[in-house]
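# Results of the structural survey
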Amino acid sequence: MKNYFYLFLLIFTLISCNSKPSKESIIKINGYWEIEKVVFPDGNKKEYQVNEFIDYINLKNTIGTRKKVAPQLDGSFLKGTLQDKIRIVDSVNCYFLKTKSKFTKWEEKVISVSDDALVLENETKITYYYKKFIPYSKRN
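Below is a short write-up of the structure. (Residues numbered from 1 in each chain as written. Predicted model: local features only at pLDDT ≥ 70, side-chain atom pairs only at ≥ 80, totals over all residues. Heavy atoms only, no water.)

### A word on the environment of tryptophan 106
Take tryptophan 106: it is sitting in strand S8 (residues 105–113). Taking relative accessible area as the criterion, tryptophan 106 reaches 27% and is therefore assigned partly exposed. Considered as a pair, tryptophan 106 and asparagine 122 are 16 residues apart in the sequence and their alpha carbons are 7.9 Å apart. Discounting residues that sit within four places of it in the chain, tryptophan 106 has contacts with Arg66, Asp84, Leu97, Lys98, Thr99, Ser101 and Glu123. (Helix = DSSP H or I, 4+ residues; strand = E, 2+ residues; numbered from the N terminus. Buried < 20%, exposed > 50% of the residue type's maximum accessible area, 1.4 Å probe, protein only. Contact = heavy atoms within 4.5 Å.)

Here it is as structure tokens:
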């Protein structure tokens, strides 16, 4: 029975990955990311105008951390004590961002990543759109 599960998981992974960001672009995941919108499998969307917290991702090669930080008006960040361990997994046709926290673990497929945008899809097909965070002092 266990072998069938692994076979199903392999087939699902191969089918679900249709485009893969370049290896060079994966390093662009490093940095401060602000959630822009979330798109649910049924097509509903949730837009975010202002974010009290943003994600700070710090990768070295394929291993790193992800933590929530609160941006301040002076350009600094209030950092929480909790940080999640992350790693990038290179699959056949896509990359996965695997996250492990003190309480749970999950994975997200990297749909796309660029200098100013990041799109991740979780296991339940919820898609998260991020934009690179611009400090409040540098916004128009």
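### Things to note about the nonpolar core
Ranked by size, the top nonpolar core spans 17 residues in total, and within it Ile26, Ile29, Ile57, Ile88, Val110 and Leu118 carry the most contacts. Contributions of two or more residues to this core are made by strand S1 (31–39), strand S3 (54–60), strand S6 (84–90), strand S7 (95–100), S8 and strand S9 (117–122). Per-element accounting of this core gives the leading share, 3 residues, to S1. In this view, isoleucine 26 contacts Pro21, Ile88, Tyr95, Val110 and Val113; residues no more than four positions away in its chain are not counted. (Core = buried A, V, L, I, M, F, W, Y, C linked by side-chain atoms within 4.5 Å.)

### Some remarks on the pattern of salt bridges
Tallied over the entire structure, the rule returns 7 salt bridges. A salt bridge links arginine 66 to aspartate 55, with the nearest nitrogen and oxygen atoms 3.2 Å apart. Residue arginine 66 is located in strand S4 (residues 63–71), and its partner aspartate 55 is located in strand S3; the two are separated by 11 residues in the primary sequence. Lysine 98 serves as the salt-bridge partner of glutamate 107, at 2.9 Å between the closest nitrogen and oxygen. (Salt bridge = Lys/Arg side-chain N within 4 Å of Asp/Glu carboxyl O.)

### Re the pairing of strand S10 (residues 127–132)
The side chains of a regular strand alternate, residue by residue, between the two faces of the sheet. Relative to S10, S1 is paired through 6 bridges, and the arrangement is antiparallel. Paired with valine 39 across the bridge in S10 is threonine 127. As paired strands, S9 and S10 are joined by 5 bridges and run antiparallel to one another. Along S10, the bridge assignment pairs leucine 120 with tyrosine 128. As consecutive antiparallel partners, S9 and S10 are separated by 4 residues, and within that stretch lysine 125 has a phi angle of approximately 70 degrees, a positive value. (Pairing = 2+ DSSP bridges.)

### Some details on the packing of aromatic side chains
Tallying each qualifying case throughout the model produces 4 aromatic pairs. Measuring from ring centre to ring centre gives 5.6 Å for phenylalanine 133 and tyrosine 136, while their planes differ by 90 degrees; the resulting arrangement is edge-to-face. Feature note: the residues Tyr32, Tyr56, Phe77, Phe133 and Tyr136 constitute an aromatic cluster, connected by ring pairs. Just above the ring of tyrosine 129 sits the side chain of lysine 37; from NZ or CZ to the centre is 4.7 Å. (Phe/Tyr/Trp six-rings, centres within 6.5 Å; stacked < 30°, edge-to-face > 60°. Lys NZ or Arg CZ within 6 Å of the ring centre and 35° of its normal.)

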